[in-house]
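# Descriptive structure summary
Next come the chains, spelled out residue by residue.
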Amino acid sequence: DQQVKQNSPSLSVQEGRISILNCDYTNSMFDYFLWYKKYPAEGPTFLISISSIKDKNEDGRFTVFLNKSAKHLSLHIVPSQPGDSAVYFCAALRSYNTDKLIFGTGTRLQVFP
Amino acid sequence: DGGITQSPKYLFRKEGQNVTLSCEQNLNHDAMYWYRQDPGQGLRLIYYSQIVNDFQKGDIAEGYSVSREKKESFPLTVTSAQKNPTAFYLCASSRVPEAFFGQGTRLTVV
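Residues numbered from 1 in each chain as written. Chains lettered and ligands numbered in written order. Predicted model: local features only at pLDDT ≥ 70, side-chain atom pairs only at ≥ 80, totals over all residues. Heavy atoms only, no water.

### Side note on the nonpolar core
- One finds Phe33, Trp35, Leu73, Leu75 and Tyr88 of chain A to be the most contacted residues of the largest nonpolar core, which totals 24 residues.
- For this core, the secondary structure elements donating two or more residues are strand E3 (19–25), strand E4 (32–38), strand E5 (45–51), strand E7 (62–67), strand E8 (72–77), strand E9 (86–94) and strand E11 (107–112) of chain A.
- A per-element tally of this core places E9 of chain A first, with four residues.
- Beyond its immediate stretch of four places on either side in the chain, leucine 73 of chain A contacts Leu21, Asn22, Cys23, Tyr25, Phe33, Trp35, Val64, Phe65 and Leu66 of chain A.
- Listed in part, the 20 residues of the second largest apolar core include Trp34, Tyr47, Ile60 and Cys91 of chain B. (Core = buried A, V, L, I, M, F, W, Y, C linked by side-chain atoms within 4.5 Å. Buried < 20%, exposed > 50% of the residue type's maximum accessible area, 1.4 Å probe, protein only. Helix = DSSP H or I, 4+ residues; strand = E, 2+ residues; numbered from the N terminus. Contact = heavy atoms within 4.5 Å.)

### Considering the side chain of serine 85 of chain A
Residue and element names in this part refer to chain A.
- Position of serine 85 relative to the elements: it lies in the loop between E8 and E9.
- When its relative accessible area of 18% is taken as the criterion, serine 85 is described as buried.
- From its side chain, serine 85 meets the backbone oxygen of proline 82 in a polar contact 3.0 Å long. (Polar contact = N/O pair within 3.5 Å; in protein donor to acceptor, adjacent residues only side chain to side chain.)

### Describing the sheet that holds strand E7 (residues 64–66) of chain B
Residues and elements named next belong to chain B.
- Sheet architecture is open: four strands sit in the order E1-E3-E8-E7, paired in antiparallel fashion. Only two strands of the sheet have a single partner each, and these edge strands are strand E1 (4–7) and E7. On average, each strand axis in the sheet is tilted by 20° relative to the strand beside it, whichever way the strands run.
- Here E1 pairs with strand E3 (residues 19–25) via four bridges, running antiparallel. Residue pairing for E3: glutamine 6 is matched across the bridge by cysteine 23. (Pairing = 2+ DSSP bridges. Axes fitted to C-alpha atoms, helices over the stretch in contact; angles between N-to-C directions.)

### Points about the interface of chain A and chain B
- Facing 18 residues of chain A, the contacting portion of chain B comprises 23 residues.
- Between chain A and chain B, roughly 1800 Å² of surface is buried when both sides are summed, and carbon and sulfur atoms account for 64% of that area.
- Counting every contact that joins chain A to chain B gives five residue pairs in polar contact (both at pLDDT 80 or more).
- Where the side of chain A that touches chain B is concerned, the elements lending two or more residues are E4, E9 and strand E10 (100–103) of chain A.
- Looking at the side of chain A that touches chain B element by element, the count peaks at four residues for E4 of chain A.
- Here the residues of the side of chain A that touches chain B sort into ten nonpolar, four polar and four charged. (Buried area = accessible area lost by both parts, 1.4 Å probe. Nonpolar A, V, L, I, M, F, W, Y, C, P; charged D, E, K, R; others polar.)

In structure tokens, the structure reads:
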């Protein structure tokens, strides 16, 4: 049962344009959602997170939007840069009685000149 | 500096041998995780632990074992029962609302 899904395995965007990466989840008990960027043979690095009580969080070029009714979140990167080319994972974190980090399968972003 | 450290970065194992991957964190996080990544694939959860002396199987626990004797440490043993152990292994730790990863260990069976 895939609780966190990234349905687009890849995305190609021109430099300077907006990149939009999508993530869907099934469990309404998640408290926080996080986005990570990963280069080959390296550990994922944290980008941005959002609490389930908010619908938007912004950090520089990165903005995450959360639509709880649709159980959907998205990461917007504006403007996209070639250095943004990587695999992006969304993750959901659940507290209350458990603290468990659940990942989506990732979306490979390619930013071309 | 607080962080999470995996060692070694590269590891070679002969078929039939057990091997242990190290993961240490000084972030005072309660939860720790082991993931496996295969080429072109996402992150699959092997084991996770929410407190000392307790851990749960993830989606692909067969052929792996873990221990959590200290809050800071969560070693993963890849046993000879794991049929296809060659992969990139990632350790993570979390305490809501943050979660961080180590730099990974690439295990190759020769």
